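# Reading the structure
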Amino acid sequence: MSELIDALNQLQKEKHIEKEVIMQAIEDSLVAACNRDFGKNAIVKVNMDRDTGDISVYVEKTVVEEVEDPATEISLADAKMIRFHYEIGDVVNIEVTPKNFGRIAAQHARSVIVQKIKEEERRVVFEHFAHKEKDIVTGVVQRYNGKNISVSLDDKTDAVLTEKEQVKGEVFKPTDRIKLYIVEVKDTNKGPKILVSRTHPELVKRLFEKEVAEVYDGTVEIKSIAREAGSRTKIAVASNDPNVDPVGACVGINGARVNAIVSDLRGEKIDIIEWNDDPAVLIENALSPSNVVSVDVDEEEKSARVVVPDYQLSLAIGKEGQNARLAAKLTGYKIDIKSESQAAELAEELDFGEDFGDLDEAEDFDLEAPVEEPEVSASEATADFEAEEVTEEPETAEDSFEEVSSEEADTDEQ
């Protein structure tokens with residue numbers, strides 16, 4: 001069995017699999033095989049010499065006065081025939097190595113070694129990619145499996161890019177090299193399962209760490225990311241060094257740095273804004289490229305009302321509301337955008353409501369309730385009556401003419 005020891009030494013050197021681990025596994029497998037031959041009650045031990053590889057099989061028995069179970073017990077007389085100093089209660093190891101056990105041992109050793117090599121390779125792969133969890137790797141597209149894509153991460157490891165984690169509209173060809181974000185690494189019975197993504201927001205962050213030295217060393221910090229994969233991403237950056245412009249560092253000379261990331265993302269637009277602890281300033285920056293007239297922030301409600309120039313309302317909202325939606329995700333505030341004219345109309349409506357009292361109270365007025373007549377004093381009633389008589393005018397010109405004619409007739413009679 002010296003060849004087996006040489007093979008184990010070579011395996012330990014090349015595969016980094018400990019020789020002792022394999023030898024212990026061989027012993028365990030041989031014990032399981034012997035139990036089938038010696039019975040369930042028998043206590044079988046297998047010993048493999050660490051230097052020569054020779055294998056011996058022993059059955060462990062207890063010394064007793066009268067044997068009831070021959071598989072586990074031995075009489076005192078039989079025990080003293082093996083070694084004279086044995087007494088009642090001692091444990092005797094009786095060698096029962098079969099004649100053809102070398103062949104059996106070799107077969108078991110082979111199967112154990114193959115199994116251990118597979119397990120070790122799985123362990124190495126799992127540990128390698130477990131360290132890369134939440135990081136990015138470069139994969140090579142192999143083929144399409146339905147709507148999923150098989151991607152090779154190295155010579156021995158493949159991953160599946162599911163439809164859910166693919167960017168809508170991206171199409172790859174075999175041998176294309178793509179950047180992937182490792183979401184999770186699971187250890188399963190069939191080997192490590194690596195979950196990868198092209199849509200995860202952290203993919204953009206890791207790409208900036210790889211491309212921008214200031215982000216990698218912590219001089220520039222990415223404070224927040226909002227992404228709609230395949231279309232647009234907004235990131236807010238801050239500098240921990242007053243002499244470093246965070247936006248300029250991420251953009252690079254003539255946009256070289258950000259353009260490299262855009263290329264990895266296959267044309268996805270990236271807006272880089274400067275972080276600010278003041279929510280109003282941060283929201284104004286987040287709505288870039290639109291100009292902002294004013295920002296009214298309610299920190300308790302986590303909401304903001306933003307006024308922009310009339311001609312930039314559509315720019316602030318963005319196509320299908322994308323710019324406003326990404327700004328809201330980036331800042332964590334609910335944003336209500338109004339144009340200047342809309343804001344002015346709203347202000348006029350509010351002023352109108354103040355001039356005519358509280359509109360809410362007016363709504364509570366019950367139109368069906370009987371209206372009480374106001375109490376009026378006698379003097380006030382007389383004054384009102386006299387005023388009505390004085391101010392009363394004839395209804396028509398004919399009435400006035402009849403009154404004048406009757407007066408003249410009375411005068412002639414006199």
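Everything below is about the structure shown above.
Please read all numbers here as calculations on a predicted model, not as lab measurements.

### Quick notes on the overall build of the chain
Check the secondary structure of the chain and you find 15 helices and 15 strands. Per-residue burial over the chain gives 32% buried out of 414 residues. Contacts in the chain between residues at least 24 apart in sequence constitute 56% of all its contacts with a sequence separation of at least 6. Summed over all atoms, the accessible surface of the chain reaches about 26700 Å², with 48% contributed by carbon and sulfur.

### A word on the pairing of strand β11 (residues 232-239)
A large share of β11 lies buried, amounting to seven of its eight residues. Alignment of strand β10 (residues 220-228) against β11, held across eight bridges, turns out to be antiparallel. The residue of β11 that forms the bridge with Glu221 is Ala238.

### Quick notes on the environment of Met23
As for its position among the elements, Met23 is in helix α2 (residues 19-38). Distance in space between the C-alpha atoms of Met23 and Leu4 is 9.9 Å, their sequence separation being 19 residues. With residues near it in sequence (within four places) discarded, Met23 still touches Ile5, Leu8, Met48, Asp49 and Arg50.

### Some words on the sheet that holds β10
Two strands in a sheet stick together by hydrogen bonds in their backbones, pointing the same way (parallel) or opposite ways (antiparallel). On the basis of which strands lie adjacent, the open sheet formed by three strands has the order β10-β11-β12 and mixed pairing. Of all strands in the sheet, those with a lone pairing partner are β10 and β12 (269-274), marking the two edges. Each adjacent strand pair in this sheet contributes to an overall mean axis angle of 20 degrees, direction not counted. Strand direction decides the pairing type here: β11 and β12, joined by six bridges, are parallel.

### Structural notes on the packing of aromatic side chains
By the definition in use, this model includes zero aromatic pairs. The ring of Phe84 has Lys80 sitting right over it, with the charged end atom 4.8 Å from the ring centre.

### Thoughts on a negative patch on the surface
Taken together, Asp277, Asp278, Asp296, Asp298, Glu299, Glu300 and Glu301 make up a surface patch of like negative charges. Topologically, Glu301 is positioned in the loop between β13 (294-298) and β14 (303-308).

### What to know about helix α11 (residues 322-331)
Turn by turn, an α-helix covers 3.6 residues, leaving residues three or four places apart pointing in a common direction. For α11, a buried count of seven out of ten residues is recorded, marking the element as mostly surrounded by other parts of the structure. Here the buried face of α11 lies against β10, β11, β12, α9 (279-286), α10 (313-317) and β15 (334-339).

### Quick word on the environment of Val57
Summarising the element assignment, Val57 is placed in strand β2 (residues 55-64). Sequence separation of Val57 and Val44 is 13 residues, and the distance between their C-alpha atoms is 7.1 Å. Setting aside anything within four residues of it in sequence, one finds Val57 in contact with Cys34, Val44, Lys45, Val46, Ile94, Glu95, Val96, Thr97, Pro98 and Phe101.

### Topic: the sheet that holds β13
Spatial strand order, β13-β14-β15: three strands in an open sheet with mixed pairing. The sheet is open, and its two edges are formed by β13 and β15, each paired on a single side. Adjacent strand axes in the sheet meet at a mean angle of 15 degrees when their direction is disregarded. With six bridges joining them, β14 and β15 adopt parallel strand pairing. If you follow Ala304 over to β15, its bridge partner there is Ile335. On the sheet, α9 packs against β13, β14 and β15 and is oriented at approximately 130 degrees with respect to β13.

### Focus: the pattern of salt bridges
Under the counting rule described, the total for this entry stands at 18 salt bridges. For Glu20, the salt bridge identified is with Arg50, shortest N-O distance 2.8 Å. Of the two residues, Glu20 sits in helix α2 while Arg50 sits in the loop between β1 (43-48) and β2, which places them 30 residues apart along the sequence. Overall, Glu20 belongs to the partly exposed group, its relative accessible area being 40%. The exposure class assigned to Arg50 is partly exposed, which follows from its relative accessible area of 27%.

### Topic: the environment of Leu76
Following the sequence through the fold, Leu76 ends up in helix α3 (residues 76-82). Taking the C-alpha atoms as reference points, Leu76 and Asp90, 14 residues apart in sequence, are found 9.4 Å from one another. For Leu76, the contacting residues outside a window of four places in its chain are Val63, Val64, Tyr86, Glu87 and Ile88.

### Some remarks on the nonpolar core
Side chains of nonpolar character tend, in soluble globular proteins, to be buried together. Formed by 23 residues in total, the largest nonpolar core has its most connected members in Leu4, Ile22, Ile26, Leu30, Ile55, Phe101 and Ile113. Elements supplying a minimum of two residues to this core: α1 (2-15), α2, β1, β2 and α4 (101-130).

### With respect to the packing of α2 against α4
Put simply, α2 and α4 touch, their axes get as near as 9 Å, and they point 125 degrees apart. By the angle class used here, α2 and α4 are oblique. The interaxial crossing formed by α2 with α4 has right-handed handedness. Contact residues: Val21, Ile22, Ala25, Ile26, Ser29, Leu30, Ala33 and Cys34 in α2; Phe101, Ile104, Ala105, His108, Ala109, Val112, Ile113 and Lys116 in α4. Tallied by class, residues from the contact of α2 with α4 come to 13 nonpolar, two polar and one charged.

About the cut-offs
- Residues numbered from 1 in each chain as written.
- Predicted model: local features only at pLDDT ≥ 70, side-chain atom pairs only at ≥ 80, totals over all residues.
- Heavy atoms only, no water.
- Helix = DSSP H or I, 4+ residues; strand = E, 2+ residues; numbered from the N terminus.
- Buried < 20%, exposed > 50% of the residue type's maximum accessible area, 1.4 Å probe, protein only.
- Contact = heavy atoms within 4.5 Å.
- Areas by Shrake-Rupley, 256 points an atom, 1.4 Å probe, with all protein chains shown as cover.
- Pairing = 2+ DSSP bridges.
- Axes fitted to C-alpha atoms, helices over the stretch in contact; angles between N-to-C directions.
- Phe/Tyr/Trp six-rings, centres within 6.5 Å; stacked < 30°, edge-to-face > 60°.
- Lys NZ or Arg CZ within 6 Å of the ring centre and 35° of its normal.
- Patch = residues over 30% accessible without salt bridge, like charges linked within 9 Å, V, L, I, M, F, W, Y side chains within 5 Å.
- Salt bridge = Lys/Arg side-chain N within 4 Å of Asp/Glu carboxyl O.
- Lys, Arg positive; Asp, Glu negative; His and termini not counted.
- Charge placed at Lys NZ, Arg CZ, Asp CG, Glu CD.
- Core = buried A, V, L, I, M, F, W, Y, C linked by side-chain atoms within 4.5 Å.
- Parallel < 35°, antiparallel > 145°, perpendicular 65-115°, else oblique.
- Left-handed = near helix turned anticlockwise from the far one by under 90°.
- Nonpolar A, V, L, I, M, F, W, Y, C, P; charged D, E, K, R; others polar.

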